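One letter stands for each residue in the lines below.
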Amino acid sequence: MDRQQILDIAEFPVQRLLKIVVNLLDSIIATNDRLPSTRITHFHSRSVPNISLHDYLTRILKFAPFTNEVLLSLLVYFDRIAKLENNTFAVNSLNIHRLLITSITVASKFTSDVFYPNSRYAKVNKAKQKGWIVFCGSTHVLVDFS
């Protein structure tokens, strides 16, 4: 008898899904880092941050907890970014950290009834709140919310 396993995303441990998402993102970034330079955006840093994606997402999870739905929303957002027509923007090691924190902010507000104020997410990212609004607004445009 073939038993079908069902994954209950609501009950699946966030830390385990985080590892799966990080592995996928690491693979995407490794590929995209080999592409020719893309256009520079608000999300690009001058150098690659010294913190791994796993450690960065774990830090965000610690100070601004999020759900599995938020992690899965990130993948949808990044897929939308990749599919933009005439897109010269690629998710890479120079922009992934800022994309992650702003996408988590947007996804948390979209998927959850309870979320933190922008100042909390900005603090986790060590960013000024004034600039934070620009990042979140840019995320809305980039992932083509309509």
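Residues numbered from 1 in each chain as written. Predicted model: local features only at pLDDT ≥ 70, side-chain atom pairs only at ≥ 80, totals over all residues. Heavy atoms only, no water.

Asks: Tell me what's going on with the overall build of the protein chain, and back it up with residues and numbers.
Replies: Counting its regular elements, the protein chain contains six helices and zero strands. Mapped from its N terminus to its C terminus, the protein chain presents α and β elements in the order α-α-α-α-α-α. A fraction of 82% describes how many contacts in the protein chain between residues 6 or more apart in sequence connect residues 24 or more apart. Approximately 9200 Å² of the protein chain is accessible, and the part contributed by carbon and sulfur atoms is 55%. (Helix = DSSP H or I, 4+ residues; strand = E, 2+ residues; numbered from the N terminus. Contact = heavy atoms within 4.5 Å. Areas by Shrake-Rupley, 256 points an atom, 1.4 Å probe, with all protein chains shown as cover.)

Asks: Report on the packing of helix α1 (residues 14-32) against helix α3 (residues 68-83), specifying residues and quantitative values.
Replies: The geometry of α1 relative to α3 is characterised by a closest axis approach of 9 Å and an angle of 15° between their N-to-C directions. Taken together, α1 and α3 sit at an angle that is classed as roughly parallel. When the axes of α1 and α3 are compared, the crossing they make is left-handed. Contacts between α1 and α3 involve V14, L17, L18, V21, L24 and L25 on the former and, on the latter, N68, L71, L72, L75 and F78. The class makeup of the residues in the contact of α1 with α3 is 10 nonpolar, one polar and no charged. (Axes fitted to C-alpha atoms, helices over the stretch in contact; angles between N-to-C directions. Parallel < 35°, antiparallel > 145°, perpendicular 65-115°, else oblique. Left-handed = near helix turned anticlockwise from the far one by under 90°. Nonpolar A, V, L, I, M, F, W, Y, C, P; charged D, E, K, R; others polar.)

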